[in-house]
Each structure stands twice: as C-alpha cells, then as structure tokens.
Amino acid sequence: MAALKLVILKWKPNQMRKKMWEDPVRIFLWSAGVLLFVAAAAKITSSFGQAPVFNLPDPILAFSFRKVLVIVGLVELCVAVICFFGGHTVIKAVLVAALASSIAIYRFGLMLIDYHGPCHCLGSLTGMLHIPEKTADVVMKIVLGYLLTGSIATLLWLWRQNQKALKLPPSV
C-alpha cells in the first residue's frame, strides 16, 4: 500500500500522456525496422545469385540490377539497424520517410516509363518461396504504403506534440 501511495504522489499527468503516444510510435519504428531488415536480407542474399536478370541494367538507374540490389539492400539494412538501436525517434522516422519516399519516387518513375518487368524488391526470394511476381509486387506496394504513411504520420504526430509542449506553461 505504501508503494501505491508513492507512485500516486510521484505520478504526473504528462508521463501518462507521453507514454500513450510513445508506444504506437515505438511499435511502428520497430515494425519498420523488421520489414526493412527482411527486405535488405532478401536483396543482399539474392545479389550473390547467378540469375541472368541481375546482370541486366535497371531501367531507371542504369546500374545492373545486382548493383541496385546491393546498394538499396545496404541502405535498408542501415535504416533498419538505426530503427532498432538508434536513440532519437525523429531521426528514425525521418530516415524511414526518406527511404520510403525515395522508393515511391523510383516506383513512380517505373510507372512513367511504362515498365512492366518484374519487381526485384525481394531479389530472388520470391522465386525460392514460389510466390508469384504479381503477388510479391502487390505486397511490396502495401509495405511501401505502410512505411510511407506510418513515417509521415509519426513525424506529424511528433511535430504536433512538440507544438503542444511549447504552448504548455512550465510545470511546478
């Protein structure tokens, strides 16, 4: 009972409010890290494969698909590691938003040039798992939408919380 009284006496309303928004943000950033880690692992692992398609040039970047897989896989891996172990929430959300925006712009570019080839988002993992290319493409578009909307929503939420904090009178 004495411990409960101590908790009640030390409890501040701002602590509860902060905890309520931290959990969804933390869950989103952790899940983004997991998704990026899986995609990065698939890309990097696939880049060691001998499929002839990996030697073809990417229609937007003009590098071979193999080089694109390695570069994008390493970037995704770095962002995933930061999502897991980085300290500052805003930096994590900004990195996820920047990466997701870059991928969305790339996919938009593919649409503009009317590219209908397979998406190499997961390297050759889709073939190994016997997942149809169209299914993998739809799943990766959903993941991209999740990362993009989740990171932007997180940044807007953090910005709004910061604006509210600036307007609050200092607590005594």
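See above for the structure.
Now for a description of the structure that goes with this document. Think of each chain on its own: its residues are numbered from 1, step by step along the sequence as written. Local features in a predicted model are, by the rule used here, given only for residues with pLDDT of at least 70; side-chain atom pairs are given and counted only at 80 or more, and totals for whole chains, interfaces and linings are based on all residues. The side-chain values count all of the structure's non-hydrogen atoms but skip hydrogen atoms and water molecules.

Quick word on the packing of helix H4 (residues 89–112) against helix H6 (residues 133–167)
Heads up, the condition is: Axis definition: a line fitted to C-alpha atoms, over the contacting stretch in the case of helices. Angles run 0 to 180 degrees between N-to-C directions. Secondary structure counts use DSSP, requiring at least four H or I residues in a row for a helix and at least two E residues in a row for a strand, with both numbered from the N terminus. The labels follow the angle: roughly parallel below 35 degrees, roughly antiparallel above 145, roughly perpendicular from 65 to 115, and oblique for the rest. Working rule for handedness: look at the near helix, and if it is turned counterclockwise from the far one by less than a right angle, call the crossing left-handed; if clockwise, right-handed. Every residue pair with non-hydrogen atoms within 4.5 Å of one another is taken to be in contact. Classes in brief: Ala, Val, Leu, Ile, Met, Phe, Trp, Tyr, Cys and Pro nonpolar; Asp, Glu, Lys and Arg charged; the others, Gly included, polar.
Two numbers describe how H4 lies on H6: the axes approach to 8 Å, and their chain directions differ by 140°. On the basis of the axis angle, H4 is oblique to H6. For the pair H4 and H6, the crossing hand works out as left-handed. Counting all contacts with H4, which are made through Thr89, Val90, Ala93, Val94, Val96, Ala97, Ala100, Ser101, Ile103, Ala104 and Arg107, the residues of H6 involved are Asp137, Met140, Lys141, Leu144, Leu147, Leu148, Ser151, Thr154, Leu155 and Leu158. Taken together, the residues of the contact of H4 with H6 break down into 14 nonpolar, 4 polar and 3 charged.

A short note on the nonpolar core
For soluble globular proteins, the rule of thumb is that nonpolar side chains tend to be buried together. The condition is simple: Among buried residues, those of type Ala, Val, Leu, Ile, Met, Phe, Trp, Tyr and Cys that are joined through side-chain atoms within 4.5 Å constitute a nonpolar core. Here's how the labels work: a residue is buried when its accessible area is under 20% of the maximum for its type, exposed when over 50%, partly exposed in between, all with a 1.4 Å probe on protein chains only.
Judged by nonpolar contacts, the single largest core of 15 residues is most densely connected at Phe28, Leu29, Ala32, Leu36, Val79, Val96 and Leu147. Those elements that provide at least two residues to this core are helix H2 (13–46), helix H3 (65–85), H4 and H6. Residue contributions to this core peak at 5 residues, all from H2. When residues no more than four places from it in sequence are discounted, the contact partners of Leu29 are Cys83, Thr89, Lys92 and Ala93.

So, a nonpolar patch on the surface
Rule in force here: Patch criteria: residues need more than 30% relative accessible area and no salt bridge. Like-charged residues are merged within 9 Å; nonpolar side chains of Val, Leu, Ile, Met, Phe, Trp and Tyr are merged within 5 Å. To measure how exposed things are, a 1.4 Å probe is used in the Shrake-Rupley method; for residues, cover is taken only from the protein chains shown. Salt bridge, as used here: a side-chain nitrogen of Lys or Arg that lies within 4 Å of a carboxyl oxygen of Asp or Glu.
On the surface, Ile60, Leu61, Phe63, Ile71, Val75, Phe108, Met111, Leu112 and Ile113 cluster together into a nonpolar patch covering about 850 Å² of accessible area. Every element with two or more residues in the nonpolar patch is listed here: H3 and H4. At 3 residues, H4 tops the list of elements feeding residues into the nonpolar patch.

Some words on the environment of Gly117
Inspection of the secondary structure puts Gly117 in the loop between H4 and helix H5 (125–128). Look at Gly117 and you get partly exposed, because its relative accessible area is 32%. Along the primary structure Gly117 and Glu133 are separated by 16 residues, whereas in three dimensions their C-alpha atoms are 9.6 Å apart.

Function cannot be read off these values alone, since they describe shape.
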